[in-house]
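An overview of the molecular structure
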Amino acid sequence: MLRTDLLTVIAWSSVAAAIALWLADGGATNITSPASLFTAAGIVAGLAGMDLVVLMLLLAARIPFIDGTIGHDRALEFHGKLGKPSLYLLLAHGVLLAIGYGMAEGLDPVSESINLWVQVPDMWLAFVSMALFIAVVVTSLVAVRRRFPYEFWYVVHLLTYAAVATSIPHQFSVGGLFAPGTWQRWYWLAICIYTGSALVYFRIVEPVLATARHQLTVARVESVAPGVVNIVMRGRKLDQLAGTGGRFFIWRFLAPNMWWHPHPFSLSAEPVFNGPDGLGTLRVTVRNLGDGSAQLLRLRKGTKVALEGPYGLLSTAARTRNKVVMIGAGIGITPLRALLETTPFAPGEATVLLRGHTDQELYLGSEILDLCQARGVRLFHLTGPRSRTRST
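Cut-off values and rules
- Residues numbered from 1 in each chain as written.
- Predicted model: local features only at pLDDT ≥ 70, side-chain atom pairs only at ≥ 80, totals over all residues.
- Heavy atoms only, no water.
- Axes fitted to C-alpha atoms, helices over the stretch in contact; angles between N-to-C directions.
- Helix = DSSP H or I, 4+ residues; strand = E, 2+ residues; numbered from the N terminus.
- Parallel < 35°, antiparallel > 145°, perpendicular 65-115°, else oblique.
- Left-handed = near helix turned anticlockwise from the far one by under 90°.
- Contact = heavy atoms within 4.5 Å.
- Nonpolar A, V, L, I, M, F, W, Y, C, P; charged D, E, K, R; others polar.
- 1 Å grid on protein atoms, 1.4 Å probe; cavity = no way out; pocket = protein on both sides within 12 Å on 5 of 7 lines; lining within 4 Å.
- Points joined across faces, edges and corners; volume = space filled by probe spheres on them.
- Core = buried A, V, L, I, M, F, W, Y, C linked by side-chain atoms within 4.5 Å.
- Buried < 20%, exposed > 50% of the residue type's maximum accessible area, 1.4 Å probe, protein only.
- Pairing = 2+ DSSP bridges.
- Right-handed = clockwise from strand over helix to strand, strands pointing away.

1. Points about the packing of helix H1 (residues 2-24) against helix H2 (residues 34-59)
Packing of H1 against H2 brings their axes to within 9 Å, and their N-to-C directions diverge by 150°. Here H1 lies roughly antiparallel to H2, going by the angle between them. Where H1 crosses over H2, the two elements pack in a sense that is right-handed. Counting all contacts with H1, which are made through Ala11, Ser14, Val15, Ala18, Ile19 and Trp22, the residues of H2 involved are Ala40, Ile43, Val44, Leu47, Ala48, Asp51, Leu52 and Leu55. Along the lines of polarity and charge, the residues of the contact of H1 with H2 split into 12 nonpolar, 1 polar and 1 charged.

2. Quick look at empty space enclosed by the protein
Any empty space left between atoms is shown by rolling a water-sized probe over those atoms. The final tally for this structure, using the stated rule, is 1 cavity of 30 Å³ or more. Taken as a whole, the largest cavity holds about 40 Å³ of empty space. Around the largest cavity, the lining residues are Leu59, Arg62, Ile66, Asp67, His72, Ala75 and Leu76. Among the elements of the structure, helix H3 (64-70) and helix H4 (72-81) are those that each provide at least two residues to the lining of the largest cavity.

3. Things to note about the nonpolar core
Formed by 30 residues in total, the largest nonpolar core has its most connected members in Ile63, Ile66, Ile70, Phe133, Val164, Tyr187 and Trp188. For this core, the elements supplying multiple residues, two or more each, are H1, H2, H3, helix H5 (83-105), helix H7 (123-140), helix H10 (159-167) and helix H12 (183-214). Excluding anything up to four places from it in sequence, Val164 contacts Met50, Val53, Leu57 and Phe133. By size, the runner-up hydrophobic cluster in this structure holds 22 residues, among which are Val218, Val284, Val286 and Val305.

4. Some points on the pairing of strand S8 (residues 350-356)
With 5 of its 7 residues buried, S8 lies for the most part within the structure. Pairing of strand S7 (residues 324-329) with S8, which is carried by 6 bridges, proceeds in the parallel orientation. Paired with Gly328 across the two strands is Leu354, which belongs to S8. Traced from S7 through helix H14 (residues 334-342) to S8, the parallel crossover comes out right-handed. Where S8 lies against strand S9 (residues 378-383), 6 bridges are found, and the strand directions are parallel. Note on S9: the bridge partner recorded for Arg355 is Leu382. Note on the crossover from S8 through helix H15 (residues 365-375) to S9: the handedness is right-handed.

Spatial relationships are all this shows, so hold off on functional conclusions.
Here it is, written out as structure tokens:
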């Protein structure tokens, strides 16, 4: 809770700091007329909006401190919630500045916008940036997103980085964020450099290093049930991944028409070591839930695998009590198999509840049963349309 509160304070403080630094550098002293009031309001809206965009990027950067505090899913949830407010603030920034500048020059907002586009060399990039932000937010709306494949939405979503990049030049030419001799210059330089570095390292460098470190390849694909398979992978230094049961990795299987598709799967068993240097195997269990996962059922032996992670809070580190309850349904049962291997508890302190429409949908149920019997865990099965309960 303390870390969560700290993150919340840092996030809101960054917005306040952006505005406070503008005031400290004498921003309010220029408010001497209705035109300058509109201009000042536009600047404040732009500062707050850009700060929210930076926060969005940090939430999506997979920074370990953030992931370990609120989890990957909640980080992306907050990332999504900031989309509309940041867009509204940036739109207000553009509209208010057009009104303020226009009033000062005796022009209407539309004429002033055209004037800025023509006369200010970098201003056209600001308009492009705004168009990109609008495209990202609109395509992220649930009603719109459902109409397109995930891959289309993902590519459009990457335009956020282009939108941020194209928004910076006009701040040099007409804005005061990077004006020499101001505190704002150092604040925005620091926050932009840190955000860019975090994105590059945690989204690109770290996954590349992890892929090179573990050198994973598909060893075999085993049938578990109709439409469900175990994908067993062989690799190096897998001891470094031990104890990550419950948390998920993002896998990319480097085969034609598959390498660009990320798959978030948790381990369904702890890594098995059978050689020096952590040489061994690890396993994920996959159900056919769409075109992407359907391809995985036909993976060939020897296919190379890239990975990112682990991410998420479903791990022993999230525990706050001695007693443990694990609940899983359908394919969501499989991460519990790995958790049961490494979660520390005494006999009688753990309970596992599995839910499936049929006995066949209690995936890896026999393996979980063996682990429960070996560790003194109470196991309950809920199956059928009326959820008949059986205990083991």
